[in-house]
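# Summary of the model geometry
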Amino acid sequence: MALAVTSSNSISSSSFALSSSSNDIKVSQIGSFRLVDRAHVASTSLSQRRSLVRPLNAEPKRNDSVVPLAATLATPEVAEKVEGEEDFEQFAKELENASPLEIMDRALEKFGNDIAIAFSGAEDVALIEYAHLTGRPFRVFSLDTGRLNPETYRFFDEVEKHFGIRIEYMFPDAVEVQALVRSKGLFSFYEDGHQECCRVRKVRPLRRALKGLRAWITGQRKDQSPGTRSEIPVVQVDPVFEGLEGGVGSLVKWNPVANVKGNDIWNFLRTMDVPINSLHSQGYISIGCEPCTRPVLPGQHEREGRWWWEDAKAKECGLHKGNIKQEDAAVNGNGNGAGNASEAVADIFNSQNLVTLNRTGMENLARLDHRQEPWLVVLYAPWCQFCQAMEGSYVELADKLAGNGVKVGKFRADGDQKEYAKQKLQLGSFPTILFFPKHSSKPIKYPSERRDVDSLMAFVDALR
Ligand code: SF4
C-alpha cells in the first residue's frame, strides 16, 4: 500500500495503518451499543481493497517510499459525501447522550477510510481502544513535531504493537523548521509565544493530513479547558480546517469523548488494560512537546501544564482553534468587540463590597505608586460566559475581603475600553484579574484558570 506522508519539500514517507480488529474484539456490548458482524470485511480481496484506500496526505509530484503494511485493510463502506452543517448539528444533538463507543462506531461507519483518529500520545489512546472495540477498520495519525519526549516515542511504539497498527506520522516541513530555528533559535516560543513554532511543527502538518480526509476524530473533552473547550459538540463541521473536497464544510470533526470526564477516561483505560504514556506516572496529565509541557501539581488544572508562561486562554496550539469563541476573537483584535449587542446584557459582579471603576477611576488607580490598601480588580465583559461563570466566586471573595485590608473592584473592559485595557492593563482575554500592590503601580496578573474563591484568596494572600 503506497502511502504518502509528505511535506512539500523533504519529508520522506511513513506507513499507513488500518487496523482490523474484527477477530479479537474484547467487548461485545457496552451499554446499548452492539457490535456489528464484519465478516465481509475479511472476504474483500486485497486488490479490491487497495483500490479503495486513499493516502492520508497525497501530494502530487512525489515518489515517496512505501512502508509495506501487513495489516492494511480498506473499509468496506464507501465514504459518503460530507453533508451540510445543518445536518451535523442535528446529528450532534442526536448523539449528545450516546456513549463514546457508539459515537466512534457511527463515525467509522459513516466515513470509512476517509476518517482517521488524531492521536497525541496521551490519554487519547482511549480513542484507539474505542475504535478497536467497534470491530471496524480504522486509521490513526499523529504529529511528530520533533520535540516530543522520549517517553512519548516509546509509547507510540507500544501502541502500534498493542493494537497491531501503524500510526501515520506527519512531520513538519524541514525547510520551514530550519528557517525558524536558524533565525530564532530552538526555544523562541518562550520569548514570543508558541504560535509560530506550533504553526510550523503542528498546524501545517495537520492541515496536510486533513486534506486527505473527509473527517477526523479527536480526543477533545469539555473538561480539559474551561477557557476553550467547554462547549465542544460530539460532532461538528470543522470550523477551521478543510478536508479532501476543499472549502468550507468539507471536513467533519468528531469528538467522541467530549462529554466524558478525565477520571472516567482513566477508569476506562485501566479497565481495558490499555498501555499508557509513562509520563503520566511522573505527574503529566496533558502531554505535548517536551519544552512546552510540564507536570502539574495536585489540584492544578491539566492545561496549566501547557505553555504555562502564556495567558491561560491562549492555550490552543492551533489544532483546535475553532474552539476559541467569537468574544475571545473580539478581545484579541479580530473582531469589533462586544458592540451594540453587549449593551443589552445585564451587568455582573453586583455587590456592595465591589467597587465599580470607570475609565477615570481605573486610570487613577493604575497611576498610583502608593495606595492605602492593595486592590484586586477584574477586567470583564458581562456577555462573556467565563466572566459569568466566576461571578459567584468573585462576589464571595469581595464579601470575604470587605474590611480586611484589600479593596475589590471591577472594570468593564470591552467595547471602547478594550484597546486601553489591552495596552495598559495586560488584557489578553476575559476575565483578566489584576492585583495592585500597596506600594507599586505595576499590577500583577492572576496567572491561573482556577477562579474559585480559595484559589483567588491564595493569590491575594500571597501578595498582600
Ligand atoms: Fe513548538 Fe512547543 Fe508548539 Fe511543540 S508545543 S510545536 S515545541 S511551540
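This report concerns the structure included in the present document. (Residues numbered from 1 in each chain as written. Predicted model: local features only at pLDDT ≥ 70, side-chain atom pairs only at ≥ 80, totals over all residues. Heavy atoms only, no water.)

The subject of this paragraph is the site of the ligand. Near the ligand you find Phe189, His194, Cys197, Cys198, Arg201, Lys202, Cys289, Cys292 and Trp307, and these make up its full shell. Under a 2 Å grid-point criterion requiring more than half of the atoms, the pocket assigned to the ligand is the second largest cavity. Element by element, the count of residues in the shell around the ligand is highest for helix α9 (residues 195-210), at four residues. For the shell around the ligand, the residue count by class is six nonpolar, one polar and two charged. (Near = heavy atom within 4 Å. 1 Å grid on protein atoms, 1.4 Å probe; cavity = no way out; pocket = protein on both sides within 12 Å on 5 of 7 lines; lining within 4 Å. Sits in = over half its atoms within 2 Å of the grid points. Helix = DSSP H or I, 4+ residues; strand = E, 2+ residues; numbered from the N terminus. Nonpolar A, V, L, I, M, F, W, Y, C, P; charged D, E, K, R; others polar.)

Our next topic: helix α7 (residues 174-184). N-capping of α7 is provided by Asp173, with a side-chain oxygen placed 2.9 Å from the backbone N of Val175. Directly after α7, the chain includes Gly185, whose backbone phi takes a positive value near 90°. (Polar contact = N/O pair within 3.5 Å; in protein donor to acceptor, adjacent residues only side chain to side chain.)

The subject of this paragraph is the pairing of strand β10 (residues 375-380). Of all six residues making up β10, six are buried, and the element is well covered by its neighbours. Side chains Trp375, Val377 and Leu379 of β10 all project onto a buried face; the interleaved residues Leu376, Val378 and Tyr380 project onto the opposite face, where all are buried too. Bridging between β10 and strand β11 (residues 407-412) involves six bridges; their strand directions are parallel. Paired with Val378 across the two strands is Lys410, which belongs to β11. (Buried < 20%, exposed > 50% of the residue type's maximum accessible area, 1.4 Å probe, protein only. Pairing = 2+ DSSP bridges.)

Below, the discussion takes up the sheet that holds β11. Judged by pairing direction, the sheet is mixed, and its five strands sit side by side in the order β9-β11-β10-β12-β13 without closing on themselves. Looking at which strands have only one partner, the edges of the open sheet turn out to be β9 (355-357) and β13 (444-445).

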